[in-house]
Amino acid sequence: MNKLKILSFIIISSLSVKLFAADFKVRIFSQSNIKSTIITSLVGKYIINGNDNSIGGIEKSENVTITIEKNKLRIKKGNEDLGLFNTLEIAGDGLKNIFKIKPSNQDLHERIYDDDIDISIEKGFLKIINNVDIEHYVAGVVQSEILGSCDSLEFFKIQAIISRTYAINNMMKHYKEGFNLCDDVHCQVYKSRCNNFQILMATTLTAGDVIVDKNKRMISAAFCSNSGGETINSEELWSIPTTYLKAVVDTFSNGMRNSSWEKKMPAREWLNYLKDTYNYPVGDTLMHRKAFDFDQSTRKIYFHDSIPLKNIRKDLELKSAFFSVKKDGDYVILKGKGYGHGVGLSQEGAIKMVRYRFTANQIIKFYYKDVDIVNYEVIKKID
């Protein structure tokens, strides 16, 4: 990339927040019970507010320690005790602010995030919320979820658009709990700010872009690791029909890392599982034979018209519900395709499409039917 392109990216990056200003409240360390933490300013100055009143600040490289004491928040800056409070807000005082947070729990690593942080107490533990610009959040999600699977700018653009669509479409998911989203798989994995140049550029180039259906409503942008060569209709898996999550033949996913798998188990164990879990008639000669003869060359919903394949996948912790069954001596072989639920975009299929020079928009429209990519500001005007 030449110097002019890099300069253009830096200018665009600095403006993207202004063009699409929206802060999200994301609960971080949402699955951990934390009693104490240290917060350090890495970039910029931070103003500290306790119970909505200014109580000081920290400059670059300075830190504060926050602990729970008498069901209140004790905050100290070095040897200086700043007091006890019900709530704390550590807000950036500049155009760019980055902080590091290190809980006292030995099993938790330090993390680095953009923008601001709010802290309160919930059920005797710290409730830590990152007030973050949506584009900073999107870049952090893309890095947390898929960095290492591909290094293509076009693929990162796809993931940024999907992540942003999900975030805005689900911004009320934790509203009653005082924040928008959590940092775990319940919402989207968000373990740090983004420091990857390609992902930052992809996020900037798609700033504000979301996927909408033919009625200009944001979609539920479901995706899986690998479709196994064929995606599935949403209503066949979740009983929720949509106009855009429709089955497609996906040859792009074939031959990729997660395109096939195999599980071997004792035949008696397989029969006992079917009988004990689903009352399968293993004593019936025909049904006994059929238990070892199940072909799924194309996707099906049920195992021999009776047992949901998605249930078998969950019970046996299989990579997908797209598998066939054959007997091999005293064992049964479950030979499967794909990885994940199989609805919507296949990440590995998208990676191959990128290699074949398809654009992000073309790939999105291949996996999601009758959709458009528009800027969120357009939707706001319609609403």
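The structure under discussion appears in the preceding block.
Since we're looking at a predicted model, the values are computed, not measured. (Residues numbered from 1 in each chain as written. Predicted model: local features only at pLDDT ≥ 70, side-chain atom pairs only at ≥ 80, totals over all residues. Heavy atoms only, no water.)

Here we look at the packing of helix H2 (residues 134-146) against helix H4 (residues 197-205)
Running from amino to carboxyl end, H2 crosses H4 at an angle of 135°, the nearest separation of the two axes being 9 Å. Regarding the angle of H2 to H4, the classification is oblique. Crossing angle aside, the handedness with which H2 passes H4 is right-handed. Every residue of H4 that contacts H2 at Glu-135, Val-138, Ala-139, Val-142 and Gln-143 is listed here: Ile-199, Leu-200 and Thr-203. Its residues assigned to classes, the contact of H2 with H4 comprises five nonpolar, two polar and one charged. (Axes fitted to C-alpha atoms, helices over the stretch in contact; angles between N-to-C directions. Helix = DSSP H or I, 4+ residues; strand = E, 2+ residues; numbered from the N terminus. Parallel < 35°, antiparallel > 145°, perpendicular 65-115°, else oblique. Left-handed = near helix turned anticlockwise from the far one by under 90°. Contact = heavy atoms within 4.5 Å. Nonpolar A, V, L, I, M, F, W, Y, C, P; charged D, E, K, R; others polar.)

Regarding the environment of Asn-51
Examined against the element boundaries, Asn-51 turns out to sit in the loop between strand E3 (46-50) and strand E4 (53-58). Given a relative accessible area of 32%, Asn-51 falls into the partly exposed group. Filtering out sequence-adjacent residues up to four positions away, Asn-51 remains in contact with Phe-85, Asn-86 and Thr-87. Only 2.9 Å separates the side chain of Asn-51 from the backbone nitrogen of Asn-86, close enough to count as a polar contact. (Buried < 20%, exposed > 50% of the residue type's maximum accessible area, 1.4 Å probe, protein only. Polar contact = N/O pair within 3.5 Å; in protein donor to acceptor, adjacent residues only side chain to side chain.)

A short note on the environment of Glu-236
Its place among the elements puts Glu-236 in helix H5 (residues 234-238). Owing to a relative accessible area of 36%, Glu-236 belongs among the partly exposed residues under this scheme. Between the C-alpha atoms of Glu-236 and Lys-310, which are 74 residues apart in sequence, the distance is 10.0 Å.

Re H4
All of the buried residues in H4 are Ile-199, Met-201, Ala-202, Thr-203 and Thr-204. For H4, the N-terminal cap is Asn-196; the gap from its side-chain oxygen to the backbone nitrogen of Gln-198 is 3.0 Å.

Section: the sheet that holds strand E6 (residues 72-77)
Strand order in the open sheet formed by six strands is E7-E6-E5-E2-E9-E10, and the pairing between neighbours is antiparallel. The sheet is open, and its two edges are formed by strand E7 (80-85) and strand E10 (111-114), each paired on a single side. Between one strand axis and the next, the sheet turns through 25° on average, direction left out of account. (Pairing = 2+ DSSP bridges.)

Description of the packing of aromatic side chains
Per the stated rule, a full pass over the model turns up 16 aromatic pairs. Summarising the aromatic geometry, the rings of Phe-252 and Phe-358 are spaced 5.6 Å apart at their centres and angled 80° between planes, so their arrangement reads as edge-to-face. Note that Phe-252 is positioned in the loop between H5 and strand E16 (260-266) and Phe-358 in the loop between helix H9 (347-355) and helix H10 (360-367), a separation of 106 residues in sequence. Put simply, the rings of Phe-24, Tyr-46, Phe-99, Tyr-113, Tyr-137 and Tyr-190 pair up and form one aromatic cluster. Geometry around Phe-125 places Lys-35 over its ring, the cationic atom sitting 5.0 Å from the centre. The ring of Tyr-331 carries Lys-264 above its face, with NZ or CZ at 4.7 Å from the centroid. (Phe/Tyr/Trp six-rings, centres within 6.5 Å; stacked < 30°, edge-to-face > 60°. Lys NZ or Arg CZ within 6 Å of the ring centre and 35° of its normal.)

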